[in-house]
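Take a look at the letters that make up each chain.
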Amino acid sequence: MSARARALAVCTALVLALALLVTAALAPLPYSVAYPGMTANVLGTDKGKPVITVTGAPARRTSGQLRMTSIVATGPDASVHLPDIVQGWLRTDEAVMPKEAVYPVGNNTEEIAEHNAAQMRESQDTATAAALDHLGKSPKDVKVSLSLADVGGPSAGLMFALGIVDKLNGDGTGHDLTGGRTIAGTGTITASGKVGAVGGVALKTQAARRDGATVFLVPRKECADARAELPQGMRLIPVSTLDGAVGALKALRTGGALPSC
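Residues numbered from 1 in each chain as written. Predicted model: local features only at pLDDT ≥ 70, side-chain atom pairs only at ≥ 80, totals over all residues. Heavy atoms only, no water.

## Re the overall build of the protein
Helix and strand counts for the protein stand at eight helices and 12 strands. Relative to its 261 residues, the protein shows a buried fraction of 41%. Of the contacts formed within the protein by residues at least 6 apart in sequence, a portion of 76% connects residues at least 24 apart. When the accessible surface of the protein is split by element, carbon and sulfur atoms take 55% of a total near 13200 Å². (Helix = DSSP H or I, 4+ residues; strand = E, 2+ residues; numbered from the N terminus. Buried < 20%, exposed > 50% of the residue type's maximum accessible area, 1.4 Å probe, protein only. Contact = heavy atoms within 4.5 Å. Areas by Shrake-Rupley, 256 points an atom, 1.4 Å probe, with all protein chains shown as cover.)

What follows is the structure in structure tokens.
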């Protein structure tokens, strides 16, 4: 092969390689990019309406905050490309997640919103059941309604349950569970009070610190993820059950021993 032919072959190969790189960079990939989302104080109000309303039993006036946390992610129809993924890997306030992990059900925004709303309703029901069971109160006598707009999914279950306990009983000695602090957290909950993992905790701790929280309740199984990008000034408390979470908040107020990640 002549020198000219070899040079032409090399140039052709380089052009093809460059074309492949450009194609890879521009091709949509099956990932979503997530960011710290909103937080909401379940002891407060949302759009002018109390998040927690109790009937059939006296409700306490509380101080401090119990903030549920969330993440936001690129939509199911959004195109995520290689540069977006590289940026997500490099930034501490972004996370790259498989699209099916973020949107496991539904093929469009409407279906996903409906699924998330159903999960939120179920989460509210189980949170109420768990809180009343913890307090030994009958759901026939005590009714709890929960209202939090524009939030879906099951991950606020733990904070809903803690909010109900605080509204009805505080720490059991006349004090608030929060001890006047701004406490955030995440975790699913079952009617029997077991706390489950949720995902996205490293982003949720950032959202919590942004909104003033100094303590974060995290499902014990997600301690490592929560520590990965823990904001300065944020204390992690791992929990596995509602009883354990209540006990930890009591210890936090009184200066007792606390579990750690």
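## A word on the environment of alanine 113
Counting through the fold element by element, alanine 113 comes out in helix α4 (residues 109-135). Distance in space between the C-alpha atoms of alanine 113 and valine 151 is 9.4 Å, their sequence separation being 38 residues.

## Focus: the environment of cysteine 223
Assignment of secondary structure puts cysteine 223 in helix α7 (residues 223-228). For the pair formed by cysteine 223 and serine 260, sequence separation is 37 residues and the distance between their alpha carbons is 8.8 Å. In contact with cysteine 223, other than residues within four places in its own chain, are Val218, Leu236, Pro238 and Cys261.

## Digging into the nonpolar core
Leu158, Phe160, Leu162 and Leu217 are the most contacted members of the largest nonpolar core, which has 41 residues in total. Of all the secondary structure elements, the ones that give two or more residues to this core are β4 (52-55), β5 (65-73), α4, β7 (143-146), α5 (157-168), β11 (215-219), β12 (235-239) and α8 (242-254). Sort the elements by how many residues they give to this core and α5 lands first, with eight residues. Ranked by size, the runner-up nonpolar core spans 10 residues in total, among them Cys223, Ala226, Met234 and Leu236. (Core = buried A, V, L, I, M, F, W, Y, C linked by side-chain atoms within 4.5 Å.)

## Looking at the state of the cysteines
Per the counting criterion, the structure on display carries one disulfide. Sulfur-sulfur distance for the disulfide between cysteine 223 and cysteine 261 comes to 2.1 Å. On the sign convention where negative is left-handed, the bridge of cysteine 223 and cysteine 261, at about -65° about the S-S bond, is left-handed. Remark: cysteine 261 occurs in the segment after α8 and cysteine 223 occurs in helix α7; sequence separation between them is 38 residues. Taking the relative accessible area as the measure of exposure, cysteine 261 reaches 32% and is therefore partly exposed. (Disulfide = S-S within 2.5 Å.)

## Some details on the layout of surface pockets
Space left empty within the atom packing is revealed by a probe, the size of a water molecule, rolled over the atoms. There is about 990 Å³ of room inside the largest pocket. For the lining of the largest pocket, the elements supplying multiple residues, two or more each, are β5, α3 (99-102) and α4. In terms of residues, the lining of the largest pocket owes the most to one element, α4, which gives 10 residues. A class-by-class count of the residues in the lining of the largest pocket yields 22 nonpolar, 14 polar and three charged. If you add up the space inside the second largest pocket, you get close to 260 Å³. Looking at the lining of the second largest pocket, the elements with two or more residues in it are α2 (82-90), α6 (201-210) and α7. Among the elements that line the lining of the second largest pocket, the one with the most residues is α6, at three residues. Its residues assigned to classes, the lining of the second largest pocket shows six nonpolar, four polar and five charged. (1 Å grid on protein atoms, 1.4 Å probe; cavity = no way out; pocket = protein on both sides within 12 Å on 5 of 7 lines; lining within 4 Å. Points joined across faces, edges and corners; volume = space filled by probe spheres on them. Nonpolar A, V, L, I, M, F, W, Y, C, P; charged D, E, K, R; others polar.)

## Examining α6
Taken across its 10 residues, α6 has eight buried, putting it largely inside the fold. Of the positions making up α6, those classed as buried are Val201, Ala202, Leu203, Lys204, Thr205, Gln206, Ala207 and Ala208. A positive phi of about 100° marks glycine 212, the residue just after α6.

## Remarks on the sheet that holds β12
The strand order β6-β1-β5-β8-β11-β12 describes an open sheet built from six strands, whose pairing is mixed. Edge positions in the open sheet fall to β6 (95-98) and β12, since each of these has one partner strand only. Strand-to-strand, the axes of this sheet are offset by a mean angle of 35°, without reference to chain direction. Along the sheet face, α2 touches β1 (31-41) and β6 and points at about 125° away from the line of β6. (Pairing = 2+ DSSP bridges. Axes fitted to C-alpha atoms, helices over the stretch in contact; angles between N-to-C directions.)

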